[in-house]
Amino acid sequence: MELSERKQKILEAIIRNYMETGEPVGSRTVSKYADLNLSSATIRNEMSDLEEMGYILQPHTSAGRIPSDKAYRLYVDTMLRSKDEQLDEMRELMVDKADKIDLLLKQVARLLAQNTNYTTMVTKPKYEHKKIKFIQLNQIASRQLLVLIVLDNNHVSNKFINLSDDLAEDVVAQMNFLINTALNGLDFTEINMAIMQKIKEQAGEYGDLASSVLDCVAEVMAEEDDSEIYTSGATNILKYPELSDKEKMTELLSTFEEKQMLAAWANDVPDEEGKEHNIQVYIGEESPVESMKDCSVVTATYQIKEGVYGRIGIVGPKRMDYEKVVGTLENCMQQLDDIFKGKKD
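This one's a predicted model, so the numbers in the text were calculated from it and none came from an experiment. (Residues numbered from 1 in each chain as written. Predicted model: local features only at pLDDT ≥ 70, side-chain atom pairs only at ≥ 80, totals over all residues. Heavy atoms only, no water.)

1. Some thoughts on the side chain of Lys159
Looking at the element boundaries, Lys159 is found in strand β7 (residues 156-162). In terms of polar contacts, Lys159 uses its side chain to reach the side chain of Glu219, at 3.4 Å. Apart from residues lying up to four places away in sequence, Lys159 is in contact with Leu145, Leu146, Val147, Cys216, Glu219, Val220 and Glu223. (Helix = DSSP H or I, 4+ residues; strand = E, 2+ residues; numbered from the N terminus. Polar contact = N/O pair within 3.5 Å; in protein donor to acceptor, adjacent residues only side chain to side chain. Contact = heavy atoms within 4.5 Å.)

What follows is the structure in structure tokens.
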């Protein structure tokens, strides 16, 4: 007997409710949980069919039912398929947009360096808040798991876990439910030690596996915090005698080449809500980057949409033409606003 759409919805309601509560699920609960507009009697009949088909079990003498391994497998293979299709569409869309934005920002860095005769820095856009959309574990070999982590900004990360022992398919399915029930919809800032410890405890004998999955999540969190930075015109600093001291010049050039030291600048966004483009001027010691203490840095913040922003910086000598630099940045930011407004439509 094939599962009708109604039976699939009832089974999904049973699975989801059981994963949330850990308690056997009755027909009355299903009638409230699933938007089916069916009577409890009709749901009971459908549940009886599902039990005969081996998808749900009745533990002890309880009136409620719990999912079987067969149900977990169906959910993973079939009910999550639609999410996989959505994920493929999101990947194509985001790769296309990401490529265009990358090219645009590289071009911005190059043009600003040419127009000002200074050095420019442009960060890729960051998301102020990042939430976990869903996590999926897939067993790709007897002792290897693929951990697919999708964030609400449609960023997709793939991580691999090597196992010391073979893992049963039903364990993978149950871990999928456990991890997603605990983490779906949470912002990175909300994932704390208490939540992680609870997941490990609920995983029981598979606590080490849960810990490995959480390590993958932690890696993605760390990667998301890293800002990619495009630079252009680094050699322009050689044009200014006060910055051409061999030691200072080497340090500055290394900063633009290695870029790790620019992280302080990339993450230091002044809280001046309502100030358009947030143009800031850092002179000498005010600079958040140690190697730029003999320079001036003029920065601005661009915004793709609410909560998604990046920074642009122009670095030159303290005697830089501030009026020209600020005017150039304001013009650039206005053009970016026009472009990104078009992207949002």
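2. Considering unusual backbone geometry
Within the chain, Asn117 stands out as a residue other than glycine whose phi angle is a positive 70 degrees. Mapped onto the elements, Asn117 comes out in the loop between α5 (81-116) and β3 (119-123).

3. Quick notes on the side chain of Thr328
On the secondary structure map, Thr328 appears in helix α11 (residues 322-344). Of note is the side chain of Thr328, whose polar atom sits 2.7 Å from the backbone oxygen of Lys324.

4. As for the packing of aromatic side chains
Applying the stated rule across the entire model yields one aromatic pair. Here Tyr118 and Tyr240 contribute two aromatic rings whose centre-to-centre distance is 5.7 Å and whose plane-to-plane angle is 40 degrees, an arrangement assigned as tilted. Highlighted residues: Tyr118 in the loop between α5 and β3 and Tyr240 in the loop between β8 (229-232) and α9 (246-258), separated in sequence by 122 residues. In this structure Tyr118 comes out as buried when scored by relative accessible area, which is 7%. In this arrangement the basic side chain of Lys70 is found over the ring face of Tyr55, its NZ or CZ atom lying 4.5 Å from the centre. (Phe/Tyr/Trp six-rings, centres within 6.5 Å; stacked < 30°, edge-to-face > 60°. Buried < 20%, exposed > 50% of the residue type's maximum accessible area, 1.4 Å probe, protein only. Lys NZ or Arg CZ within 6 Å of the ring centre and 35° of its normal.)

5. Re a negative patch on the surface
Among the surface-exposed residues, Asp245, Glu247, Glu251, Glu285 and Glu290 lie close enough to one another that they form a single negatively charged patch. By secondary structure assignment, the location of Glu247 is in helix α9. A relative accessible area of 65% places Glu247 in the exposed class. (Patch = residues over 30% accessible without salt bridge, like charges linked within 9 Å, V, L, I, M, F, W, Y side chains within 5 Å. Areas by Shrake-Rupley, 256 points an atom, 1.4 Å probe, with all protein chains shown as cover. Salt bridge = Lys/Arg side-chain N within 4 Å of Asp/Glu carboxyl O. Lys, Arg positive; Asp, Glu negative; His and termini not counted. Charge placed at Lys NZ, Arg CZ, Asp CG, Glu CD.)

6. A closer look at helix α3 (residues 40-52)
Given a rise of 1.5 Å per residue, 13 residues ought to cover 18 Å, and the 18 Å separating the end C-alpha atoms of α3 matches this to within 8%. The complete set of buried residues in α3 reads Ile43, Glu46, Met47 and Leu50. Burial along α3 is one-sided: seen end-on, the buried residues are contained in an arc of 105 degrees. Turned more than 90 degrees away from the buried face of α3, the exposed residues are Asn45 and Glu52. Two residues or fewer after α3 comes Gly54, characterised by a positive phi angle close to 90 degrees. (Expected span 1.5 Å × (residues − 1). Arc of directions from axis to C-beta.)

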